[in-house]
Amino acid sequence: MSRRTHQEVRRSAKEVRRDAISEYLAALEEIYPQAKGIARVQKRQDNRVIVSVPLPARARERMRLFDHMAEVGTKLLLETNEYIILSSQ
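Thresholds applied
- Residues numbered from 1 in each chain as written.
- Predicted model: local features only at pLDDT ≥ 70, side-chain atom pairs only at ≥ 80, totals over all residues.
- Heavy atoms only, no water.
- Helix = DSSP H or I, 4+ residues; strand = E, 2+ residues; numbered from the N terminus.
- Buried < 20%, exposed > 50% of the residue type's maximum accessible area, 1.4 Å probe, protein only.
- Contact = heavy atoms within 4.5 Å.
- Core = buried A, V, L, I, M, F, W, Y, C linked by side-chain atoms within 4.5 Å.
- Pairing = 2+ DSSP bridges.
- Right-handed = clockwise from strand over helix to strand, strands pointing away.
- Axes fitted to C-alpha atoms, helices over the stretch in contact; angles between N-to-C directions.
- Salt bridge = Lys/Arg side-chain N within 4 Å of Asp/Glu carboxyl O.

This part covers the overall build of the protein chain. Of the regular secondary structure elements, the protein chain holds two helices and three strands. Split into buried and exposed, the 89 residues of the protein chain put 26% on the buried side. Within the protein chain, contacts between residues separated by at least 24 positions form 58% of all contacts whose residues are at least 6 apart in sequence.

Here you go:
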């Protein structure tokens, strides 16, 4: 019985990871529609997830994007223990 519970927990953790990345991408596409379909997701060995997109040309727009996505990333880190970082392509 304990094996079964352990396997269920493992599956749940994988599902949470996918949901965290999907939620991050959805938030990114909502605030920055140009990222839709071109965002690259890279999972690193140190358990960080890097999301790369071409950044806006204007500094003000870049800062707004980074600020918003930092808030989303922090929320997801606290809720799911998934560390997601926005980067430029």
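Structure shown, so let's carry the discussion forward.
With that out of the way, let us pick up the nonpolar core. Within the largest apolar cluster, 18 residues are counted, with the highest numbers of intra-cluster contacts made by Y24, L28, V51, M69, I84 and L86. Counting only elements with at least two residues in this core, the list comes to α1 (2–31), β2 (48–53), α2 (59–80) and β3 (83–88). Of all the elements, α1 adds the most residues to this core, at seven residues. When residues no more than four places from it in sequence are discounted, the contact partners of I84 are A20, I21, Y24, V49, V51, G73 and L76.

Let's shift gears to the pairing of β2. The buried count for β2 comes to five of six residues, which makes it a mostly enclosed element. A loop of four residues connects strand β1 (residues 40–43) with β2, the two strands running antiparallel in sequence, and N47 in this loop sits at a positive phi of about 70°. Traced from β2 through α2 to β3, the parallel crossover comes out right-handed.

So, on to the sheet that holds β1. In space, the three strands of this open sheet follow the order β1-β2-β3, with mixed pairing throughout. Strand pairing shows two members of the sheet lacking a second neighbour, β1 and β3, which therefore form its edges. This sheet shows a mean twist of 25° between the axes of neighbouring strands, independent of strand direction. As paired strands, β1 and β2 are joined by four bridges and run antiparallel to one another. When the bridges of β2 are listed, Q42 appears paired with I50.

The subject of this paragraph is the environment of S52. Tracing the backbone shows S52 in strand β2. Between the C-alpha atom of S52 and that of V41, which follows or precedes it by 11 residues, the distance is 6.5 Å. Sequence-distant contacts of S52, defined by excluding residues within four places in its chain, comprise I38, A39, R40, S87, S88 and Q89.

Going through the model one piece at a time under the given rule, you end up with four salt bridges. Close ionic contact of K75 with E23 constitutes a salt bridge, the shortest N to O distance being 2.8 Å. Of this pair, K75 sits in helix α2 while E23 sits in helix α1, and the two are 52 residues apart along the sequence. Here K75 falls in the partly exposed class, since its relative accessible area comes to 40%. Look at the salt bridges and you will find they share partners, linking E23, K75 and E79 into a network.

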